[in-house]
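Residue-level structure breakdown
One-letter residues, chain by chain:
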Amino acid sequence: MLRQLGRLMQWCTAVTLVGCLCLQVAHAASSSADTDALLKQAWDLQVTDHRRSLQLLAQLNQRIASLTREQQWQVRFMNAWEAQYAGHYKKAENLYKDIITHSGDPKLADRAAAMLLGEYGITQRYTEAFELANRLAGKLPQVKDAQARYALLLGLSQAMGLAGQTDLAVHYAHLAMKASSTAARRCFTSGIWVSMLLQGHRLKPGDPVLQQAFDACPESTEPLFNTSLTLALVDLYAHGGEPRRALALLDGIQPRVDASGYVPYKLAALLDRARALAALGDDAAARKAALAVVAAGVSSDFNLWLKDAYEVLYRIEKKRGHPAEALDYYEKYAALDRIYLDDINARTMAYEAVQQHLLAQKLETEKLNRQNETLQLQQKLDAKTAEVGRLCLVLLFVVLAIVMVGMFRLKRSQLRFRRLSELDGLTTTYNRQHFMDAAARMLRLLENRQGMACLAIIDLDHFKSVNDTHGHAMGDETLRCVADTCRQQLRPNDLFGRLGGEEFGILLVDCPREHGRQVANRIHRAIEHAAIQHDGISVAVTVSMGLACTDNANHDLRTLSAKADAALYRAKNGGRNRVVADGGEPMPA
């Protein structure tokens, strides 16, 4: 999992650094020798002595009014690069867009577009990133400037990697490798190639491509990229069952990681150290390293490393026999894992949406082309009979109708799939994830207007015996019948979902405790008297219910669920077939 997370940050880092490599040569031939020398020196120091580079950039900004127009735009490009590197993404975006729109320099504008592509990826604006990537890919054949073309190829490689299109990402990286004319470019492009292969799970520690990248990025001349490659190799060792080799490499590059001041490098090193130490059984040292990741990342946007750090801490506490601490870390890990999966889904959906939009544009273009051809033919054949004219119109309307029907069906399918993703396939109630999300939102709304709610958790008694005695088909029919019976007792604004197995959850909205008791008892009696039949066989089931209300558990879903679970536990221990409220005895039926 860490490989996938690490590749995303490598993508952001790589695209951020591409501007530096693309401008190093360009400044050498400018007319103002002193300023051009200062510009080139600032860029040359960008990846080797970043602090000195910032000092030089400050000098350039102080005398920007005396620079030529071309030099002023180059300084603005450097300011945008520094803003992006420092995490000031909105400022960087505005500067890049200004360069694209107003600089009047096609080469600089293309480089700014490549950087803007990375900006969109960093800020998770995936739809804009993939839309820009498609425009740049279409423009690529017309880009003749070698430096601009090189920058665009790298940006496209990173964008396709973000979209999960590994083959395309490697293809663009391969084209960029062919266009690499300097040692610095060969180093950088090799790193991108390694990143794409690693992201697609196509790289092993002994792969020749990895060795080729190290040869192109020696520590003496390319310390930043050499460190990045070494961290990638550490990651491979840590996940490949070689923790001692991972630790040996980490010990060797730790001074470089510390000197870089780059937070992602620091977090990646700490996390792989924690994993390796845990694999070797040194739980105390592993825990210390994982907690360092948490301390460094908990107040930032580095959720990807935090997630894996919490997983390491969970496994350590579980091994040490600390269930409370293990559960707390696991819940934090699960929450960040959901965010990570949601991000993957967002990227996938954004890429597919952009492809569908392009397809729709292509259809629209083809439609307009057909319309233009029809009009031209109509002008040439104006003397022909009206029947030919009517036939052309009929064909045109047929094409339009097909396009409209296709778009309507596509939209309807999208709505249907979205609806199905929220429902449990067997009972057509809300699935667990959607129920919990909807319940949490509803409780926040109720808390804001001081409304009350009750949470009921229902568990079928001895449901396993139904499956064992009558088969799973009868078990499925029992679950459907119980769900239908519950629905009949609920109001439209109440939330109802299947939590898993034979367990259901109900959130009674705007419902005080006494009314919640009445509804719970009513549901309990209805299920007890429900006639469940399948293939001529009838069964009767009972349920145990736990009820918790906001007057005793506030409006926090986690607290409310815990109290309802505790009440359900007392109901089952008390002999089942009953309703128990939080903090109380079984309620009269």
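Residues numbered from 1 in each chain as written. Predicted model: local features only at pLDDT ≥ 70, side-chain atom pairs only at ≥ 80, totals over all residues. Heavy atoms only, no water.

Let's shift gears to the overall build of the chain. Scanning the chain from terminus to terminus reveals 24 helices and seven strands. Within the chain, contacts between residues separated by at least 24 positions form 64% of all contacts whose residues are at least 6 apart in sequence. Counting only carbon and sulfur atoms, one obtains 54% of the accessible surface of the chain, whose full area is about 29000 Å². (Helix = DSSP H or I, 4+ residues; strand = E, 2+ residues; numbered from the N terminus. Contact = heavy atoms within 4.5 Å. Areas by Shrake-Rupley, 256 points an atom, 1.4 Å probe, with all protein chains shown as cover.)

On to helix 14 (residues 263-279), then. The periodicity of an α-helix, 3.6 residues per turn, causes residues three or four places apart in sequence to face the same way. The terminal C-alpha atoms of helix 14 lie 24 Å apart, and with 17 residues this matches the ideal 24 Å at 1.5 Å per residue to within 8%. Of all 17 residues in helix 14, 13 are buried, a share of seventy percent or more. Just downstream of helix 14, G281 is the residue with a positive phi angle, here 90 degrees. (Expected span 1.5 Å × (residues − 1). Buried < 20%, exposed > 50% of the residue type's maximum accessible area, 1.4 Å probe, protein only.)

The backbone of H462 shows a phi angle near 55 degrees, a positive value even though the residue is not glycine. Structurally, H462 can be placed in the loop between strand 1 (453-460) and helix 20 (463-470). Note on H462: relative accessible area 51%, which makes it exposed. The backbone phi angle of R576 is positive, close to 65 degrees, even though this residue is not glycine. Positionally, R576 belongs in the loop between helix 24 (557-573) and strand 7 (579-581). Using a relative accessible area of 28% as the deciding quantity, one classes R576 as partly exposed.

Scanning all chains against the criterion turns up one disulfide. At a sulfur-sulfur separation of 2.4 Å, the disulfide partner of C454 is C549. Here the disulfide of C454 and C549 is right-handed, its torsion about the S-S bond being about 100 degrees. Of this pair, C454 sits in strand 1 while C549 sits in strand 6 (residues 543-549), and the two are 95 residues apart along the sequence. Free of any disulfide, C481 has its nearest neighbouring cysteine sulfur in C486, separated by 9.5 Å. (Disulfide = S-S within 2.5 Å.)

When you line up the elements, D110 lands in helix 6 (residues 106-122). Overall, the relative accessible area of 7% leaves D110 in the buried class. At 2.6 Å, the side chain of D110 forms a polar contact with the side chain of K139. (Polar contact = N/O pair within 3.5 Å; in protein donor to acceptor, adjacent residues only side chain to side chain.)

For the chain, the average pLDDT comes to 82, and 88% of its residues sit at 70 or higher. Note that residues 1-31 has pLDDT below 50 and, in this model, 106 contacts with residues that lie over four places away or in other chains. (pLDDT = per-residue confidence, 0-100.)

With respect to the helices and strands, the residue V293 is situated in helix 15 (residues 283-297). Assessed through its relative accessible area of 1%, V293 is described here as buried. Sequence separation between V293 and D308 is 15 residues; the distance between their C-alpha atoms is 9.4 Å. Leave out the neighbours within four places in its chain, and V293 touches L267, L270, L271, W305, L306 and A309.

If you trace the five strands from one edge of the open sheet to the other, you get 2-3-1-6-7, paired in mixed fashion. Edge positions in the sheet fall to strand 2 (495-500) and strand 7, since each of these pairs with one other strand and no more. For this sheet the average axis-to-axis angle between neighbouring strands, irrespective of direction, equals 20 degrees. By the bridge criterion, seven bridges tie strand 1 to strand 3 (residues 503-509) in an arrangement that is antiparallel. Its bridge partner being in strand 3, D459 is matched across the sheet by E503. On top of the sheet, helix 22 (residues 513-528) reaches strand 1, strand 3, strand 6 and strand 7; it is set at about 170 degrees to strand 6, its chief contact. (Pairing = 2+ DSSP bridges. Axes fitted to C-alpha atoms, helices over the stretch in contact; angles between N-to-C directions.)

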